[in-house]
Amino acid sequence: MNSDETTLPTQMSKRWPPPESPRPSKLVKTECSSADPSNNHELMNSNPRVQRYLVAVEYIGTKFSGMQKQPGGRTIVGVLEDAFHKFVGQPVSVICSSRTDAGVHALCNVCHVDVERISKRKPGEVLPPHDAGVVRRALNHFLQKNEGDIAVTDVQSVPSDFHARYNAQERTYFYRILCGPQHMSVFEKERAWHVPEDLNVIAMKRACNILVGQHDFSSFRAAGCQANSPIRTLDELHICEVFSSTYFPSWTERQQMNMFSQESQVSSTNGVIKPCSETSCHNHGVHDDASVGECQEFGQRRRNRCYVVTARARSFLYHQIRLLVGVLKCAGTGELTLDDVEGILNAKTVTAAKPMAPACGLYLGHVKYDRP
């Protein structure tokens, strides 16, 4: 039961949790609620001997079939539950804050799990809960023996009524786009969407201004989405140019950086070195095509320009972000005008939207909580 983005209707379905489906999880669209989860069996474990842990994980989604366990598929939850089982010697249930589709990555996804520490030497004897640091190190020990594409970054002990999904205040996703006619580096394979055309970032920013805020996002809601309402509040939709994650400075850029280091001024009052302005660093850090072409040496590939779309909200409709990015890309290439973008939003049907962006460029970046 996976989706790129987690959905939160205003009221919980009385049939939650939904029955398991024999079909692959990525074909099932689910929703959850933060309004009244008191009847949900996942919310609270009444056993006082059980410790609930909040676990932050990062992963490369390429080799995963999605989030939820499914027959014959390698999934995020399946791998985490297997690592916990090896650690504590008994099965556990992992509940994640956001359900990402196959191919979608996470810089930080969050889950919770209930663990009762039972002595392996004296079965039946309950021991004090493990320290959070012990849990993190033990899980990574077992996860590293897997494919090495998932790791635990943080663990915290939380009260038994703290829920990874229902207590989430907002979620931030990032989408990476590499644009340019040159083929994408092998180091970027399955890590971004390669768009060969040049992108007009100004037009994309203006399109973001149309789409941000509270709207009926029916045009950006994939078929089969089970959310009760298409109304969502998009708190942030932003695009900017950044360095590629595999960026290495060229000889010319290193010389430019040295020049700026020499131009740094020392404060006469406290002796602190003042770095160059953010604007100057940006102008010299992000290349222009002409300078790269003039200074490029044999065997040194031309880099693609790298753009990141940021989307932040409490919840998203099924495939909403990838559909939004698909429209933004068309605004950047000139295929859509700003009037077209507004028309798609007002059409309130997904058939009006452009093809959605591929999963490989999407990253779950952050899940915000008011932690106990």
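As the structure is a computational prediction, the values presented were derived from the model and not from experiment.

Asks: Talk me through the overall build of the protein; I want residue IDs and the actual numbers.
Replies: A count of helical and extended segments in the protein gives eight helices and twelve strands. A buried classification covers 48% of the 372 residues belonging to the protein. Accessible surface computed for the protein: about 18700 Å², of which carbon and sulfur atoms make up 51%.

Asks: Describe helix H1 (residues 76–88), with residues and values.
Replies: Between its first and last C-alpha, H1 extends 18 Å over 13 residues, near the 18 Å set by a 1.5 Å rise per residue. Of the positions making up H1, those classed as buried are Ile76, Val77, Val79, Leu80, Glu81, Ala83, Phe84, Phe87 and Val88. Tucked inside the fold, the buried residues of H1 contact strand E1 (51–59), strand E2 (94–96), strand E3 (105–115), helix H2 (132–143) and strand E4 (150–158). In this structure Thr75 caps H1, since a side-chain oxygen of it lies 3.1 Å from the backbone nitrogen of Gly78. Positive phi appears at Gly89, one or two residues downstream of H1, with a value of about 80°.

Asks: Explain the confidence of the model for the protein residue by residue, including any values.
Replies: Overall, the predicted model of the protein reaches an average pLDDT of 82, with 78% of residues at or above 70. Within the model, pLDDT remains below 50 along residues 7–41, and this stretch shows 76 contacts once partners closer than five positions in the same chain are excluded. Throughout residues 265–269 the model reports pLDDT below 50, and contacts reaching past four residues in sequence, or to other chains, amount to eight contacts.

Thresholds applied
Residues numbered from 1 in each chain as written. Predicted model: local features only at pLDDT ≥ 70, side-chain atom pairs only at ≥ 80, totals over all residues. Heavy atoms only, no water. Helix = DSSP H or I, 4+ residues; strand = E, 2+ residues; numbered from the N terminus. Buried < 20%, exposed > 50% of the residue type's maximum accessible area, 1.4 Å probe, protein only. Areas by Shrake-Rupley, 256 points an atom, 1.4 Å probe, with all protein chains shown as cover. Expected span 1.5 Å × (residues − 1). Contact = heavy atoms within 4.5 Å. Polar contact = N/O pair within 3.5 Å; in protein donor to acceptor, adjacent residues only side chain to side chain. pLDDT = per-residue confidence, 0-100.

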